[in-house]
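The residues making up each chain are set out below.
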Amino acid sequence: MTPKPKTKHRELPPRMMKRQWKTRKGISSAYYYEHPRDENGKRVLEPLGTDLAKAKEKWGQIEGVKIDSYVDKSIGYIYQRYMKWACNKKVSGLSDRTLKDRENYWRHLEPVFAHLRMDDFKPEWLLTYFENRSSQVGAKKEIKFISVMFNWAKLRGKCLIENPTTGIMRQLKVKENRDILITQEEYKAVHDAAAPFIKDLMDLFYMAGTRPEEVISFRFSHDKGDELVYIMNKTDRIKRVTIGKDMRQLINKRKALLKKYKVTMIDPTILFDDKGRPLTLNGTIKYWFTKAREKANITRWWQLKDIRPYAATQRYRKEGVEATRRFLGHSTEAQTRTYIRDYLGEETQSHELQTEEVAKVKAKNGESS
C-alpha cells in the first residue's frame, strides 16, 4: 500500500513521523514508524527513539532498506571518519582519555548537529547552542571539538568553508577551571569520617599527586621497590614517584589485605573495597566518599579531585615550582605556575616604607622632617 504524501515533516522518509514537545531545556522530539491500519482501523505507531540518525536506521530495517547513518559531508559523517582515524593512536597520537572525552562530547553534539552539512554550517548556531546548553563549561569543550573536526576535515578536502569557530571562542565566557583550595581541617574532617578503603584512597592520592582515575589504576606490579612507576592517562607519559616511608607503609598494608578480602585479580590494584573488588569513580567511590562528606558535616562540598591541588600547593610552598612540576607531571614550569596561580593567586611582598631613606633625602634637600 502506497503511503499518502506527507503534509508535515516532509524531510522524513515515508511512514516515519515525529512528535515534538516543549521541555525546560527546549524542544524535544521522538520518532515513530506508522504501520498500516489494522482490520479495526487502528493506527499502530512503533517507537524509533529520539535520535534521528538511529531512528532512520530502524526505519530502514522495518522497510528492508539499507541506509547510511549520515549523508555524505554531514557533521555526523565526518565524526565517524574522524574517530576511525583517531582510534589509530599510532597515527593520531591521541590518548585513551582524549578519545573517551571526545566520544562523550559527541553524545551532546549528535542530536543537534549530526545531520547538518559542514559546508552549510553557520557560526551563529554555535552561540545558540552555547546559550541553551545547561552546562556552558561542557558546551565550550564540545564547541572546541567541533573546531577540531572542521580542521581535520578541511585538511583532507572534506570541507570547503572556513572553520566556523574562528574568532568566537573568546566570546564564550565560562569559568573552566576549579579554584577550590581545601584546608587541612576540611581534609581531616572527611578523612576521619571515611570508610577505611576511602581513607587509603585519599592518602595515596595525596602522596602521589596524581589524578583520580590514575590512582585507582595503581597496581602492586607498579611498585618497583624504590619507585611507583605508571603511565599517566592524560598524556601517556611515564611518571616515577619515589616511595617514601608513609607510601611504603600504605602499600604494605594494602598487600596484607589481599588475602583477608579474598582479592582474585591476577594483577591486583593497590586499592579495592572491603569485598576485594576494584574501585570505580562513579560507583563505589562516589557512594562512599559522599557518605563521608555527609558524616563530616562540612560547609564546603569539595570533591575528591580537589586533593591534587591541595597537595600540590603544599609542595609548592615547601619546595618551589620545579619540585611541584615533577610532582604534578607537568611538562613545563609555565604550566605549573599557571596551575598554582589558579589556586593561590598572585604572590608578592609588601613594599617597605623606607622612612630612613626618605628622611635622608629631605635632610639633603634642606627640608624639615
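Keep in mind that what you see is a predicted model, and the values were worked out from it rather than measured. (Residues numbered from 1 in each chain as written. Predicted model: local features only at pLDDT ≥ 70, side-chain atom pairs only at ≥ 80, totals over all residues. Heavy atoms only, no water.)

### Considerations on the sheet that holds strand β1 (residues 16-23)
Judged by pairing direction, the sheet is antiparallel, and its 3 strands sit side by side in the order β1-β2-β3 without closing on themselves. Of all the strands in the sheet, just β1 and β3 (44-49) have a single pairing partner and so form its edges. In this sheet, neighbouring strand axes are inclined to one another by 35° on average, regardless of whether the strands run parallel or antiparallel. Pairing geometry for strand β2 (residues 26-35) and β3, over 5 bridges, is antiparallel. Its bridge partner lying in β3, Y32 is registered against P47. (Pairing = 2+ DSSP bridges. Helix = DSSP H or I, 4+ residues; strand = E, 2+ residues; numbered from the N terminus. Axes fitted to C-alpha atoms, helices over the stretch in contact; angles between N-to-C directions.)

### Structural notes on the nonpolar core
Core analysis: the biggest nonpolar cluster contains 40 residues, and M202 and W302 have the highest contact counts within it. Sorting the residues of this core by element identifies α7 (184-193), α8 (196-208), β4 (227-231), α10 (245-260), α11 (281-296) and α12 (307-319) as the ones contributing at least two each. Residue contacts for M202: discarding those within four places in its chain leaves Y187, V190, H191, F289, W302, L304 and I307. Membership of the second largest hydrophobic core comes to 32 residues, among which are Y79, M149, C159 and M169. (Core = buried A, V, L, I, M, F, W, Y, C linked by side-chain atoms within 4.5 Å. Buried < 20%, exposed > 50% of the residue type's maximum accessible area, 1.4 Å probe, protein only. Contact = heavy atoms within 4.5 Å.)

### So, unusual backbone geometry
At R15, a position not held by glycine, the phi torsion is positive, near 65°. By secondary structure assignment, the location of R15 is in the segment before β1. Despite not being glycine, K262 shows a phi value in the positive range, around 55°. Mapped onto the elements, K262 comes out in the loop between α10 and α11. Overall, K262 belongs to the exposed group, its relative accessible area being 67%.

### Some thoughts on the packing of helix α13 (residues 321-328) against helix α14 (residues 333-344)
Working note: a packed helix pair is described by the angle between its axes plus the distance between those axes. Taken N-terminus to C-terminus, the directions of α13 and α14 make an angle of 90°; their axes are 9 Å apart at the nearest point. Taken as axis vectors, α13 and α14 run roughly perpendicular relative to one another. Touching V321, E322, T324, R325 and L328 of α13 are E333, T336, R337, Y339 and I340, all from α14. Tallied by class, residues from the contact of α13 with α14 come to 4 nonpolar, 2 polar and 4 charged. (Parallel < 35°, antiparallel > 145°, perpendicular 65-115°, else oblique. Nonpolar A, V, L, I, M, F, W, Y, C, P; charged D, E, K, R; others polar.)

### A short note on the environment of Y105
With respect to the helices and strands, the residue Y105 is situated in helix α4 (residues 96-113). Taking relative accessible area as the criterion, Y105 reaches 17% and is therefore assigned buried. Taking the C-alpha atoms as reference, Y105 lies 18 Å from A153; in sequence the two are 48 residues apart. Other than its neighbours up to four places away in sequence, Y105 contacts K141, E142 and F145.

### Description of the pattern of salt bridges
Enumeration over the complete set of coordinates arrives at 18 salt bridges. With a shortest N-O distance of 3.4 Å, D120 and R117 are connected by a salt bridge. Residue D120 is classed as partly exposed on the basis of its relative accessible area, which comes to 40%. On the basis of relative accessibility, which here comes to 34%, the residue R117 falls in the partly exposed class. (Salt bridge = Lys/Arg side-chain N within 4 Å of Asp/Glu carboxyl O.)

### Details of the packing of aromatic side chains
With the rule as written, the count across this model stands at 20 aromatic pairs. Ring geometry for F197 versus W288: centroids 6.0 Å apart, planes at 75°, classification edge-to-face. A residue pair is termed long-range when its members are at least 10 positions apart, and F197 in helix α8 and W288 in helix α11 qualify at 91 residues. Taking the relative accessible area as the measure of exposure, F197 reaches 5% and is therefore buried. (Phe/Tyr/Trp six-rings, centres within 6.5 Å; stacked < 30°, edge-to-face > 60°.)

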